[in-house]
Amino acid sequence: MKITKITSHVLQYDLPEQLGYSQQYYAKRSAHLVEVETDEGITGWGECFGPGHIALANKAIVEQVIQPMILGADPMDRDVIWHKVYNLMRDHGQKGMPMQALSGVDIALWDIAGKVANLPVHKLIGGAHRDHVTVYGYGMMLRPEPVADLAARFVDEAAEIRDMGFAATKMKVGLGPKDDVTLAQAVRRGVGEDFRFMVDANHCYTTSDAFYVGRALEELEAYWFEEPVAPEDHDGYRELRAGLKVNISGGEAEFGRWGWRQILENRGLDIAQPEVCALGGISEYLRVLALCHAHFTPVINHVWGSAIAVATNLQLLAAMPPMPGGLHPWEPMLEFDTTDNKFRDDLLVEPLNIQRQVKQSGGMVAIPQGAGLGVEPDRAVIDHYKIA
Ligand code: CA
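Residues numbered from 1 in each chain as written. Predicted model: local features only at pLDDT ≥ 70, side-chain atom pairs only at ≥ 80, totals over all residues. Heavy atoms only, no water.

1. A word on the layout of surface pockets
Link 1 in the chain: Approximately 810 Å³ is the volume attributed to the largest pocket.
Link 2 in the chain: Lining the largest pocket are 34 residues, and of these Tyr-21, Gln-24, Phe-49, Pro-51 and Trp-304 sit closest to its centre.
Link 3 in the chain: Looking at the lining of the largest pocket, the elements with two or more residues in it are strand S1 (3-21), strand S2 (24-38), helix H1 (52-70), strand S5 (168-172) and strand S10 (333-337).
Link 4 in the chain: Along the lines of polarity and charge, the residues of the lining of the largest pocket split into 14 nonpolar, eleven polar and nine charged.
Link 5 in the chain: When residues of the lining of the largest pocket are assigned to domains, at least three map to each of domain 1 (3-118) and domain 2 (123-366).
Link 6 in the chain: Arg-143, Glu-157, Glu-160, Thr-338 and Thr-339 are the residues nearest the centre of the second largest pocket, which is lined by 13 residues in total. (1 Å grid on protein atoms, 1.4 Å probe; cavity = no way out; pocket = protein on both sides within 12 Å on 5 of 7 lines; lining within 4 Å. Points joined across faces, edges and corners; volume = space filled by probe spheres on them. Helix = DSSP H or I, 4+ residues; strand = E, 2+ residues; numbered from the N terminus. Nonpolar A, V, L, I, M, F, W, Y, C, P; charged D, E, K, R; others polar. Domains from an automatic or database assignment.)

Okay, here's the thing in structure tokens:
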């Protein structure tokens, strides 16, 4: 079996309203799908993390850098392919866009392997430790409006997400420490006393500002405080974890086993959030997962993007071993975006219907059982939204 063609599909549409996180507001939703074709007619699908112009640059890496390295290779040799591509790109980027590009290709090769074996990816990895996974719904994105208006909006939106059946919710912050505490108080009011909520700063604080917000989050009993400081700020992470009671989470901006080794040895994370569509694909995710568990650091995957990314993560969450295990074990969750996303809702021939499952099952979703990722994108949807 041989790889005959690799194609990137960058999809995009205009959002009904501007949404934001601590770094920027955005008005377009995009997704970057990777299609790997073979001489036996089996096609695999993957996804690369990275919006808009990042996706366009990653498309060039996928098609013009990686494709020539591996055309004609056996797609079943995915670990050989991974190391060949990584070694040839090493001098030009061990993190960032080259790894995002490799991630989409690697995920597509796992999809092919599953289709060849007629088994879902979680079976290839070693089986399902769970057939359902708990889902948290994130929303409460920033909007360009006064903090009082945004706080009022967050009270309502937090209550809506809870009422949709999600097991927990997550909000954005990033207006500045004082206003951010006001927003977090609004979300606590919205969800009520006993509901789990998390706070995502997308690395906008200095360490001292993160301590100020973190102490307020302790009082509000937030479950975790995500990316409080810059991913390069290992000292800041370590000091925050040692000094705050709220769980410190992060890792979506880290790549590969070597970067992960550093942040785990630094002891700055209570919860690790590896992003499979960025850190190097499923092959590298499994090595990073093993590293996390070797450090007894629980993992809740970072999830962003289309239904391909959601399906990939459902396969991985099914196959995640218990850590440390028990009669009532600590369980991972699926991260799920509740804001407008046609690439999550409309992309698949047979939709995952996450929201309906969550509503009907009290916050749980089933693991896809079909071959490979267990999902197929609809070519008409791809053609309709494709910009490159
Ligand atoms: Ca995040």
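On we go.
2. Details of the coordination of the calcium ion
Link 1 in the chain: For the calcium ion, the protein coordination sphere consists of Asp-200 (OD), Glu-226 (OE) and Glu-252 (OE), at 2.2 to 2.4 Å.
Link 2 in the chain: Written as a sequence motif, the donor residues of the calcium ion are D-x25-E-x25-E. Separated by 26 residues along the polypeptide, Glu-226 in strand S7 (residues 224-226) and Glu-252 in the loop between strand S8 (247-250) and helix H9 (256-265) bring together distant segments of the chain.
Link 3 in the chain: Judged by relative accessible area, Glu-252 falls into the buried class, the value being 11%. (Donors = N, O, S within 2.8 Å, 3.2 Å for Na, K, Ca; no water. Buried < 20%, exposed > 50% of the residue type's maximum accessible area, 1.4 Å probe, protein only.)

3. A look at the sheet that holds S2
The strands making up a sheet associate through hydrogen bonds between their backbones, and the pairing can be parallel or antiparallel.
Link 1 in the chain: The sheet built from three strands is open, its strands ordered S1-S2-S3 with antiparallel pairing. With partners counted over all chains shown, the strands left at the sheet margins are S1 and strand S3 (43-47), one partner each. Here the average twist between neighbouring strands, direction ignored, is 20 degrees.
Link 2 in the chain: Two elements, S1 and S2, share 14 bridges in a ladder whose sense is antiparallel. Counted as the bridge partner of His-9 is Leu-33 from S2. (Pairing = 2+ DSSP bridges. Axes fitted to C-alpha atoms, helices over the stretch in contact; angles between N-to-C directions.)

4. A look at empty space enclosed by the protein
Link 1 in the chain: For the structure shown, the criterion picks out three cavities of 30 Å³ or more.
Link 2 in the chain: Here the largest cavity is characterised by a volume of approximately 120 Å³.
Link 3 in the chain: Around the largest cavity, the lining comprises 13 residues; the ones closest to its centre are Pro-231, Tyr-237, Gly-251, Ile-263 and Leu-269.
Link 4 in the chain: Residue composition of the lining of the largest cavity, grouped by class: five nonpolar, five polar and three charged.
Link 5 in the chain: Here the second largest cavity is characterised by a volume of approximately 60 Å³.

5. What to know about the environment of Ser-249
Link 1 in the chain: By the secondary structure assignment, Ser-249 is in strand S8.
Link 2 in the chain: By relative accessible area, which is 0% here, Ser-249 ends up buried.
Link 3 in the chain: Sequence separation of Ser-249 and Thr-182 is 67 residues, and the distance between their C-alpha atoms is 21 Å.
Link 4 in the chain: Filtering out sequence-adjacent residues up to four positions away, Ser-249 remains in contact with Trp-224, Phe-225, Glu-226, Glu-227, Pro-228, Tyr-237, Leu-269, Ile-271 and Gln-273.
Link 5 in the chain: Within polar-contact distance, the side chain of Ser-249 engages the side chain of Trp-224 at 3.4 Å.
Link 6 in the chain: Here the side chain of Ser-249 touches Gln-273 through a polar contact of 3.0 Å, side chain to side chain. (Contact = heavy atoms within 4.5 Å. Polar contact = N/O pair within 3.5 Å; in protein donor to acceptor, adjacent residues only side chain to side chain.)

6. Considerations on helix H3 (residues 97-117)
The α-helix winds at 3.6 residues per turn, so residues separated by three or four positions along the chain end up facing the same way.
Link 1 in the chain: With 21 residues, H3 ought to run about 30 Å at 1.5 Å a step, and its terminal C-alpha atoms sit 31 Å apart, in line with that.
Link 2 in the chain: Following H3 by one or two positions, Asn-118 has its phi on the positive side, about 55 degrees. (Expected span 1.5 Å × (residues − 1).)

7. Section: the packing of H1 against H3
Link 1 in the chain: Relative orientation of the contacting elements H1 and H3 amounts to 65 degrees, with a least axis distance of 9 Å. In terms of orientation, H1 and H3 fall into the roughly perpendicular class. For the pair H1 and H3, the sense of crossing is right-handed. Between H1 and H3, the contacting residues are Ile-54, Ala-57, Asn-58, Ile-61, Val-62, Ile-66 and Ile-70 on the first element and Met-97, Pro-98, Gln-100, Ala-101, Leu-102 and Val-105 on the second. (Parallel < 35°, antiparallel > 145°, perpendicular 65-115°, else oblique. Left-handed = near helix turned anticlockwise from the far one by under 90°.)

8. Structural notes on the side chain of Asn-58
Link 1 in the chain: Mapped onto the elements of the fold, Asn-58 is located in helix H1.
Link 2 in the chain: Note on Asn-58: relative accessible area 0%, which makes it buried.

9. Regarding the domain arrangement of the protein chain
Link 1 in the chain: Each assigned domain of the protein chain is listed with its residue range as follows: domain 1 (3-118) and domain 2 (123-366).
Link 2 in the chain: If you average the C-alpha positions of domain 1 and of domain 2, the two centres end up 23 Å apart.
Link 3 in the chain: Summed over both sides, the interface of domain 1 with domain 2 buries roughly 3500 Å², with 64% coming from carbon and sulfur.
Link 4 in the chain: Inspection of the domain 1/domain 2 interface yields four salt bridges. (Buried area = accessible area lost by both parts, 1.4 Å probe. Salt bridge = Lys/Arg side-chain N within 4 Å of Asp/Glu carboxyl O.)

10. Here we look at the pattern of salt bridges
Link 1 in the chain: Taken as a whole, this structure holds 22 salt bridges when the rule is applied.
Link 2 in the chain: For Lys-59, the salt bridge identified is with Glu-63, shortest N-O distance 3.1 Å. Of this pair, Lys-59 and Glu-63 both sit in helix H1, four residues apart, which is roughly one turn of the helix.
Link 3 in the chain: A relative accessible area of 22% means that Glu-63 is categorised as partly exposed.
Link 4 in the chain: Via salt bridges that share partners, Lys-170, Lys-172, Asp-200, Glu-226 and Glu-335 belong to a single interconnected network.

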